[in-house]
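Analysis of the macromolecular model
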Amino acid sequence: EKITLSVIKADIGGWPGHSRVHPQLIETAEEILSKAKEEGTIMDFYVAYAGDDLQLIMTHKKGVDSPEIHGLAWDAFKAATEVAKELGLYGAGQDLLKDAFSGNVRGLGPGVAEMEFTLRKSEPVVTFHMDKTEPGAFNLPIFRMFADPFNTAGLVIDPKMHMGFRFEVWDILKHKRVILNTPEELYDLLALIGAKSRYVIKRVYPKEGHPLPKDEPVAVVSTEKLYEVAGEYVGKDDPVAIVRAQSGLPALGEVLEPFAFPHLVSGWMRGSHNGPIMPVSMCDANPTRFDGPPRVVALGWQISPKGELVGPVDLFDDPAFEYARQKALEITEYMRRHGPFEPHRLPLEEMEYTTLPGVLKRLEERFEDIE
Ligand code: 13P
Ligand code: 13P
Ligand code: MG
Ligand code: MG
Ligand code: MG
């Protein structure tokens, strides 16, 4: 029995600034999704938030890229945007870049991670929700989960996953993709995904010999690029991901383990700075210091045979991640001391999509040749 899990998110207004989602936006989205559940469009849903990003988590039978499901998400974002406008929230409708819905939210602003798969007898899933960063922030943790034996013991000791996995990597500049197999192409994979602003892990698949169907993803990341749609900086593409766990896949703890290291990601203030990603529970997913530091929330679910989302379990609500949070704060302090200097501020080529070119342009005519 195949089911689709869709996570569709958008920033449709911050409260205040870019800090968090106002509860009335969540209520508005809940009303619309409740109605859709009653009507049988979706099987179940949950509305979450991460910083200023509203997160719709839905199960249904309509497959990926379904006009009905994307249309539903679009309607929920539109309705919540009206509320955001009434409340005068900051950047109301920020990520809804086009006026008209045309069958699919791709390229319209919202971020999407969705996968269709055959339900296992027990289906443990984690949805990750990041704020103040970009899709490449998932490269390191997804790599660790599915390809690094120092993270995932199962790659070594579980015969069901000992053969490794297949990674689908997107070149977001050239709009091309490549499939790489691990462990045999580990170094090629790293050559690409280490450049996280350009090469982004889109999906992970089982390999030949794995008990799960080869064409059904086991992990998926949103890779939308807002600046390409908007033509100018309107905020970073705060990403989401779905990862399935256990029984031939990384165990729940192996899925979470990469976040014990608060690696550096780009985003943070004005989408223009490098900083550590801090794993937090939902109640702490409200970035404020220098609009950050970047956050990641992990929600744990069991999907029931009827498609119910049994959860969420707020997975980083665990003192075992206290050390990572403390480390993230130390790194925050260290990075902040660089002020406007790289590598705290992003390199020039990544600043192209910010407001910096406007400043540089004004200096252009002041430059003269050096003898
Ligand atoms: P339990 O013994 O608690 O079921 O844990 C099994 C396991 O594999 C943990 O990773
Ligand atoms: P968001 O991408 O979360 O809207 O943040 C934008 C920003 O400029 C933060 O300083
Ligand atoms: Mg915002
Ligand atoms: Mg955001
Ligand atoms: Mg954003």
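Just so you know, these numbers come straight off a predicted model, no measurement behind them.

**Re unusual backbone geometry**
- Following G292, the chain continues into P293 via a peptide bond in cis, with omega recorded as -10 degrees.
- Inspection of the secondary structure assignment puts P293 in the loop between β13 (278–279) and β14 (295–303).
- The step from G311 to P312 runs through a cis peptide bond, and the omega angle for that step is 5 degrees.
- If you trace the backbone, P312 turns up in strand β15 (residues 309–314).
- Located in the positive-phi region is S247, a residue other than glycine, with phi close to 50 degrees.
- Note on placement: S247 falls in the loop between β10 (240–244) and α7 (252–256).
- Taking the relative accessible area as the measure of exposure, S247 reaches 44% and is therefore partly exposed.
- We note that W268 has phi near 55 degrees; this positive angle belongs to a residue other than glycine.

**So, the coordination of the magnesium ion (ligand 3)**
- The protein atoms donating to the magnesium ion (ligand 3) are D11 (OD), H18 (ND1) and D52 (OD), with metal-donor distances spanning 2.0 to 2.2 Å.
- In this structure, the magnesium ion (ligand 3) lies 4.4 Å from the magnesium ion (ligand 4), and both are coordinated by D52.
- Under the relative-accessibility criterion, D11 is labelled buried at 1%.

**Comments concerning the coordination of the magnesium ion (ligand 4)**
- Taken together, D52 (OD), D53 (OD), D131 (OD) and D238 (OD) make up the full set of protein donors to the magnesium ion (ligand 4), lying 2.0 to 2.3 Å away.
- Site description for the magnesium ion (ligand 4): donor spacing in sequence, D-D-x77-D-x106-D.
- A relative accessible area of 6% means that D238 is categorised as buried.

**Looking at the pairing of β10**
- Here β10 lies mainly inside the structure; 5 of its 5 residues are buried.
- Residues V240, I242 and R244 of β10 are buried on one face, and the alternating residues A241 and V243, pointing to the opposite face, are buried as well.
- Note that strand β5 (residues 123–131) and β10 share 5 bridges and pair antiparallel. In the strand pairing of β10, T127 is matched with I242.
- Bridge analysis of strand β9 (residues 219–221) against β10 gives 3 bridges, and the strand direction is antiparallel. Along β10, the bridge assignment pairs V221 with A241.

**Observations regarding the nonpolar core**
- Grouped together as the largest cluster of nonpolar side chains are 53 residues, with contacts concentrated most on L54, L56, M58 and F77.
- Breaking this core down by element, the ones donating at least two residues are β1 (2–10), α1 (23–38), β2 (44–50), β3 (53–60), α2 (67–87), β4 (111–118), β10 and β14.
- Sorting elements by how many residues they give to this core places α2 first, with 9 residues.
- In this structure, this core is formed jointly by two domains, domain 1 (1–118) and domain 2 (120–347), each of which donates at least three residues.
- Ignoring anything within four residues of it in the chain, the contact list for M58 reads T4, L5, S6, I8, L33, I42, D44, F45, I69, L72 and A73.
- Formed by 40 residues, the second largest nonpolar core is a distinct cluster that contains A137, F138, I193 and F321.

**Some remarks on the pattern of salt bridges**
- Following the criterion strictly, the structure yields 20 salt bridges and no others.
- The partner of R177 in a salt bridge is E168, with the nearest N and O atoms 3.0 Å apart.
- Under the relative-accessibility criterion, R177 is labelled exposed at 58%.
- E333 is the salt-bridge partner of R289, the closest N and O atoms lying 2.9 Å from each other. Placement of the pair is R289 in the loop between β13 and β14 and E333 in helix α8 (residues 322–336), with a sequence separation of 44 residues.
- Owing to a relative accessible area of 39%, R289 belongs among the partly exposed residues under this scheme.
- Each of K9, D53 and D95 takes part in a single network of salt bridges with overlapping partners.

**Quick word on the sheet that holds β1**
- A sheet is described by the order of its strands in space; here 4 strands give the open sequence β2-β3-β1-β4, paired in antiparallel fashion. Of all the strands in the sheet, just β2 and β4 have a single pairing partner and so form its edges. Taking each pair of neighbouring strands and ignoring which way they run, the sheet shows an average axis angle of 15 degrees.
- On the sheet, α1 packs against β2 and β3 and is oriented at approximately 165 degrees with respect to β2.
- On the sheet, α2 packs against β1, β3 and β4 and is oriented at approximately 150 degrees with respect to β3.

**Quick look at the domain arrangement of the protein**
- If you check the domain split of the protein, you get domain 1 (1–118) and domain 2 (120–347).
- Look at where the C-alpha atoms of domain 1 and domain 2 centre, and you get two points 21 Å apart.
- Taken together, the 37 residues of domain 1 in the interface contact 42 residues of domain 2.
- Across the domain 1/domain 2 interface, buried area totals approximately 3,200 Å², and carbon plus sulfur atoms make up 64% of it.
- When the buried surface of domain 1 facing domain 2 is broken down by residue, Y49, M115 and F117 rank first, second and third, together holding 18% of it.
- Across the contact surface, domain 1 and domain 2 share 2 salt bridges.
- In this structure, the salt-bridge partner of K2 is E216, at a minimum N-O distance of 3.7 Å.
- Every element with two or more residues in the side of domain 1 that touches domain 2 is listed here: β1, β2, β3 and β4.
- Of the residues in the side of domain 1 that touches domain 2, the class split is 16 nonpolar, 10 polar and 11 charged.

Parameters and conventions
- Residues numbered from 1 in each chain as written.
- Chains lettered and ligands numbered in written order.
- Predicted model: local features only at pLDDT ≥ 70, side-chain atom pairs only at ≥ 80, totals over all residues.
- Heavy atoms only, no water.
- Helix = DSSP H or I, 4+ residues; strand = E, 2+ residues; numbered from the N terminus.
- Buried < 20%, exposed > 50% of the residue type's maximum accessible area, 1.4 Å probe, protein only.
- Donors = N, O, S within 2.8 Å, 3.2 Å for Na, K, Ca; no water.
- Pairing = 2+ DSSP bridges.
- Core = buried A, V, L, I, M, F, W, Y, C linked by side-chain atoms within 4.5 Å.
- Domains from an automatic or database assignment.
- Contact = heavy atoms within 4.5 Å.
- Salt bridge = Lys/Arg side-chain N within 4 Å of Asp/Glu carboxyl O.
- Axes fitted to C-alpha atoms, helices over the stretch in contact; angles between N-to-C directions.
- Buried area = accessible area lost by both parts, 1.4 Å probe.
- Nonpolar A, V, L, I, M, F, W, Y, C, P; charged D, E, K, R; others polar.

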